[in-house]
Amino acid sequence: MITHGNQIEVLAGNSNIPLAKAVAEELGLTLSDAEVSKFSDGEISTTLPQTVRGRDVFIIQSTSIPVNDNLMELLIMIDACKRASAGRITAVIPYFGYARQDRKARPRDPITAKLVADILTTAGADRVLTMDLHAAQIQGFFDIPVDHLYGAPLLTKYFKKKMDENWVVVSPDVGSVGRARNFASRVDAALAIVDKRRPKANAVEVMNVIGDVKGKTCIMIDDMIDTAGTICQGAEALAKNGAKEIFACCTHGVLSGPAMERLIASPIKEIVVLDTIDLPESVRNCSKVKVVSCAKLIAKAITSIYSDSSLSAIYE
């Protein structure tokens, strides 16, 4: 039976320790000890040195690279807390891996996002706190409450200081139009769309740009940048159509494979990402990359969950 914890306990796996420490600091707490280690064959082991009995436990763990190791760490930590009689366990997953596998795109495809949701519930999570799911309907894959945070307010706050009437918000593909439209309405800017065709995975062919970008400063927005093929080819299309300057932003900077090489070689002036994923030092030190913290937003959400107050109020 789930009970309301009488004290907040913030734990973290190894995926994003800096963010977890920043969230704990925003809450006025110290990040609780959690010994997460591996046996020589790769098995993950977790030990909780302090008691969590009857407490409201928040486990901060992004399922980013290495995805499977970080997911397994999270599951084992949830199980450890459940068996230690935690009052309530919230899995705080700033970046939810496997979210791109949310439907059967072809015959015999798995719906892995649903599988991960089931595994988290079976492990013992009582609720999930996450940010900018690749597909919003993934919330419905869970049989437990899901609190879904949005990174757009943080990104718009960063760009609003720079913007004037000469800026245009650009969706890098048709699937991101809703996100770009929301962003454009927040900053009172015009909207453009890059129309593209994807012949196969991680191969993007840009067709044309819908909207006026000539002489404009463009911001391309997406929920994540992975191999950066979509963003970079979109930026090249904008440059060919006369864009003056090009910025890119996203909530999740996955930046895998050739992403950084492509971004550095692209006409993009600056890439702004949130710290839902702990980026390597080489990426953080890149002059084109700017990291904006989401620690305060997550801390406010944790406070709202603990106090049973409205999450929508944290954006006001």
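Scroll up a little and you will see the structure.
All of these numbers come straight from a predicted model, not from anything done at the bench. (Residues numbered from 1 in each chain as written. Predicted model: local features only at pLDDT ≥ 70, side-chain atom pairs only at ≥ 80, totals over all residues. Heavy atoms only, no water.)

### Topic: the overall build of the protein chain
Let me state the cut-off plainly: Going along the chain from the N terminus, every DSSP run of H or I of four or more residues is numbered as a helix, and every run of E of two or more is numbered as a strand. It is over C-alpha atoms that the radius of gyration is taken, and the globule rule equals 2.2 Å times the number of residues to the power 0.38. Throughout this description, buried means an accessible area under 20% of the type-specific maximum (1.4 Å probe, protein chains only), exposed means over 50%, and partly exposed covers the range between. By the convention used here, residues are in contact when the closest approach between their heavy atoms is within 4.5 Å. Surface exposure here means Shrake-Rupley accessible area, sampled with a 1.4 Å probe, where a residue is shielded only by the protein chains that are shown. Counted charges follow a simple rule, with Lys and Arg positive, Asp and Glu negative, and His plus the chain ends left uncounted. We put the charge of a Lys on NZ, of an Arg on CZ, of an Asp on CG and of a Glu on CD.
The helix and strand inventory of the protein chain stands at nine helices and 14 strands. Against the globule reference of 20 Å for 316 residues, the protein chain gives a C-alpha radius of gyration of 20 Å, in line with a compact fold. Along the longest, intermediate and shortest principal axes, the C-alpha atoms of the protein chain span 60 × 45 × 35 Å. Looking at the 316 residues of the protein chain, the share that counts as buried comes to 54%. For the protein chain, the proportion of contacts with a sequence separation of at least 24, taken over those separated by at least 6, is 65%. Of the accessible surface of the protein chain, which amounts to about 14,600 Å², a share of 49% is contributed by carbon and sulfur atoms. For the protein chain, the distance from the average position of its 36 positive side-chain charges to the average position of its 37 negative side-chain charges is 5 Å.

### Quick word on unusual backbone geometry
Looking along the chain, the bond that leaves Ile 65 and enters Pro 66 is cis, with omega of -5 degrees. Of note, Pro 66 is situated in the loop between β4 (56-60) and α2 (67-83). Positive phi, normally seen in glycine, also occurs at Arg 108, with a value near 70 degrees. Structurally, the position occupied by Arg 108 is in the loop between β5 (88-93) and α3 (112-123). Taking the relative accessible area as the measure of exposure, Arg 108 reaches 74% and is therefore exposed. Positive phi, normally seen in glycine, also occurs at Asp 308, with a value near 55 degrees.

### Section: the nonpolar core
Note the threshold: As used here, the term nonpolar core means buried Ala, Val, Leu, Ile, Met, Phe, Trp, Tyr and Cys residues forming a set that is joined through side-chain atoms within 4.5 Å.
Membership of the largest hydrophobic core comes to 43 residues, with the highest contact counts inside it found for Val 23, Leu 129, Leu 149, Phe 159, Phe 183 and Ile 298. Element by element, the count of residues in this core is highest for helix α9 (residues 295-307), at seven residues. Ignoring anything within four residues of it in the chain, the contact list for Leu 129 reads Thr 90, Ala 91, Val 92, Ile 93, Asp 147, Leu 149, Ile 298, Ala 301, Ile 302, Ile 305 and Leu 311. Judged by nonpolar contacts, the second largest core, of 34 residues, contains Tyr 95, Val 168, Val 213 and Val 273.

### Focus on α9
Our working definition: Residue count minus one, scaled by 1.5 Å, sets the expected span of a helix.
Taking 1.5 Å of rise per residue, 13 residues should cover 18 Å, and α9 covers 18 Å from first to last C-alpha, within 8% of that figure. Listed as buried for α9 are Ala 295, Leu 297, Ile 298, Ala 299, Ala 301, Ile 302, Ser 304 and Ile 305.

### Topic: the packing of aromatic side chains
Worth spelling out the cut-off: Classification of ring pairs rests on two measures: the distance between centres of Phe, Tyr or Trp rings, Trp counted by its six-membered ring, which must be within 6.5 Å, and the angle between planes, read as stacked under 30 degrees, edge-to-face over 60 and tilted in between.
Counted by the stated rule, this structure contains five aromatic pairs. Centre to centre, the rings of Tyr 158 and Phe 159 are 5.2 Å apart; their planes meet at 90 degrees, and the pair counts as edge-to-face. With a relative accessible area of 17%, Tyr 158 lands in the buried category. A relative accessible area of 0% places Phe 159 in the buried class. Between the aromatic rings of Trp 167 and Phe 247, the centroid separation amounts to 5.3 Å while the plane-to-plane angle is 25 degrees, which identifies the pairing as stacked. Highlighted residues: Trp 167 in strand β8 (residues 167-171) and Phe 247 in strand β12 (residues 245-253), separated in sequence by 80 residues. Both residues of the pair, Trp 167 and Phe 247, belong to the buried class. Taken together, the ring pairs in this structure connect Tyr 158, Phe 159, Trp 167 and Phe 247 into an aromatic cluster.

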